[in-house]
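Coordinate inspection notes
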Number of protein chains: 2
Amino acid sequence: MAVFFGTHAMKVDGKGRVSMPAAFRDALHASGDPSAVLMPADGAPVIEGCDHAFVEDLVKRAYTPGAMSEARREQVLLVLGEMVKLSLDPEGRFVFPSALRGHAGVEDTAVFVGRGRIFEIWHPAKHEAARTETKSKLGGERLSLARLFTVGEDKP
Amino acid sequence: MAVFFGTHAMKVDGKGRVSMPAAFRDALHASGDPSAVLMPADGAPVIEGCDHAFVEDLVKRAYTPGAMSEARREQVLLVLGEMVKLSLDPEGRFVFPSALRGHAGVEDTAVFVGRGRIFEIWHPAKHEAARTETKSKLGGERLSLARLFTVGEDKP
DNA sequence: TGGGATATCATGGGAATTCATGGGCGTCAA
DNA sequence: TTGACGCCCATGAATTCCCATGATATCCCA
């Protein structure tokens with residue numbers, strides 16, 4: 001399973017190319033298929049990315065009777081239409097599709113942020129703002145590994 | 001499962017490298033992947049560390065429907081963005097990322113403290129202070145293996 | 001049990017590799 | 001032709017590898 005974490009700022013060159021961070025490249029390789037999939041996030045200036053296996057899981061569940069609600073299924077199918085497959089060049093770069101770049105407002109720097117099974121691509125300032133807001137929304141609770149792993153509080 | 005315990009003071013060399021204590025290296029090896037993951041703890045001058053399996057567990061739970069509250073899930077995903085992967089060199093050392101070093105205030109000596117499934121990295125003096133404070137906060141109860149293992153007191 | 005031989009560990013510094021990035025060239029299609 | 005796209009090479013910086021050293025700690029055998 002590909003696991004993405006960490007934050008990496010990368011340049012977008014004159015040809016619109018971006019290096020996939022080496023750590024993410026390794027994570028992608030973990031699932032055999034080194035290609036990635038991008039998608040504009042709905043309602044926020046950010047691009048979401050994942051590996052091919054993640055999409056496959058989603059599709060499997062969408063086509064398994066009873067695995068999700070009809071509405072959720074419809075959402076999944078809709079989202080599938082917005083996905084873009086990336087192929088990396090021999091140096092580990094890809095051309096950042098201009099439509100997606102516009103959605104995220106990315107200019108010359110793209111910030112890659114790991115979120116577990118997916119990752120995000122942000123404009124640096126927008127990312128900083130979003131992160132700060134999320135943190136304040138979570139109510140100042142101290143974030144630590146040990147705390148996050150404790151049971152008892154993690155039930156809905 | 002990796003189990004970290006004990007306290008080990010290590011030097012930071014001119015290149016910013018630190019030896020992972022041998023005991024911790026062995027613990028990391030126990031889970032197959034000898035690499036470690038670091039993270040700045042929120043609200044305290046300390047770095048938290050764990051093995052890759054720990055992160056994977058966290059991610060798996062975060063992506064399992066119903067496994068945790070929405071707020072907790074958001075916290076986990078936020079924290080993932082702050083993590084840094086360490087790769088140990090053949091001698092068992094790693095470069096202590098300067099941002100993390102700054103967070104912990106570590107200069108030329110880093111104190112590694114085992115805390116079970118995770119470990120911590122401190123500035124020597126700050127660690128001593130924090131340890132003293134925690135002990136006093138626990139109300140002077142005598143700490144012994146036999147006592148800690150008795151049941152009846154360990155329910156919330 | 002003493003004590004030397006042998007590993008392991010922590011640490012230091014130079015060499016080689018990887019990474020991110022930039023640019024040129026050929027190819028295929030409209 | 002004219003782009004768009006993919007492939008190849010080049011480069012500087014940062015990272016990782018490799019070898020070396022002293023200090024402990026461990027082993028082994030008489």
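As the structure is a computational prediction, the values presented were derived from the model and not from experiment.

Some remarks on the overall build of chain A
Scanning chain A for helices and strands turns up six helices and eight strands. Seen in sequence order, chain A has helices and strands lined up from the N terminus as β-β-α-β-β-α-α-β-β-α-β-β-α-α. Considering only C-alpha atoms, chain A reaches an extent of 50 × 40 × 30 Å along its principal axes. Counting over 156 residues, chain A shows a buried share of 40%.

Digging into the protein's contact with DNA strand D
Around DNA strand D sit 14 residues in total, of which Lys15 and Glu91 of chain A together with Ser87, Glu91 and Arg93 of chain B are the nearest. Sugar plus phosphate: this is where 28% of the atoms of DNA strand D within 4 Å of the protein reside. Glu91 of chain A places a side-chain nitrogen or oxygen 3.4 Å from a base nitrogen of DNA strand D. In terms of residue class, the surface near DNA strand D is built from four nonpolar, one polar and nine charged.

Points about the interface of chain A and chain B
With 30 residues of chain A in contact, the opposing surface of chain B contributes 39 residues. Taking both partners together, chain A and chain B bury about 3200 Å²; carbon and sulfur atoms supply 64% of that area. Among the residues of chain A in contact with chain B, Phe5, Leu145 and Phe149 of chain A are the three that bury the most area, contributing 25% of the side total. Inspection of the region where chain A meets chain B yields three salt bridges. Residue Arg131 of chain A is joined to Glu82 of chain B by a salt bridge in which the shortest nitrogen-to-oxygen separation is 2.3 Å. Run the count over chain A and chain B and you get 10 residue pairs in polar contact (both at pLDDT 80 or more). Among the elements of the structure, β7 (109–115), α5 (124–137) and α6 (145–149) of chain A are those that each provide at least two residues to the side of chain A that touches chain B. Ranked by residue count, the leading element in the side of chain A that touches chain B is α6 of chain A, at five residues. Here the residues of the side of chain A that touches chain B sort into 13 nonpolar, seven polar and 10 charged.

Regarding helix α1 (residues 22–29) of chain B
At 3.6 residues per turn, the α-helix brings residues three or four places apart onto the same side. Residue and element names in this part refer to chain B. Where α1 is concerned, the buried positions are Phe24, Ala27 and Leu28. The arc that holds the buried residues of α1, viewed along the axis, is 100 degrees, so those residues lie on one side. Projecting away from the buried face of α1 at angles above 90 degrees are the exposed residues Asp26 and His29.

Regarding the nonpolar core
If you look at soluble globular proteins, the nonpolar side chains tend to sit buried side by side. Core analysis: the largest hydrophobic core is formed by 23 residues, its most contacted members being Val55, Leu80 and Met83 of chain B. Elements with a contribution of two residues or more to this core: α6 of chain A together with β3 (36–40), α2 (52–62) and α3 (70–80) of chain B. Here Met83 of chain B is in contact with Phe5, Gly6 and Leu145 of chain A together with Val37, Leu38, Met39 and Val55 of chain B, once residues within four sequence places are set aside. Counting 22 residues, the second-largest nonpolar core is a separate cluster that includes Val106, Ala110, Phe112 and Phe119 of chain B.

Each value, and the rule that gives it
Residues numbered from 1 in each chain as written. Chains lettered and ligands numbered in written order. Predicted model: local features only at pLDDT ≥ 70, side-chain atom pairs only at ≥ 80, totals over all residues. Heavy atoms only, no water. Helix = DSSP H or I, 4+ residues; strand = E, 2+ residues; numbered from the N terminus. Buried < 20%, exposed > 50% of the residue type's maximum accessible area, 1.4 Å probe, protein only. Near = heavy atom within 4 Å. Polar contact = N/O pair within 3.5 Å; in protein donor to acceptor, adjacent residues only side chain to side chain. Nonpolar A, V, L, I, M, F, W, Y, C, P; charged D, E, K, R; others polar. Contact = heavy atoms within 4.5 Å. Buried area = accessible area lost by both parts, 1.4 Å probe. Salt bridge = Lys/Arg side-chain N within 4 Å of Asp/Glu carboxyl O. Arc of directions from axis to C-beta. Core = buried A, V, L, I, M, F, W, Y, C linked by side-chain atoms within 4.5 Å.

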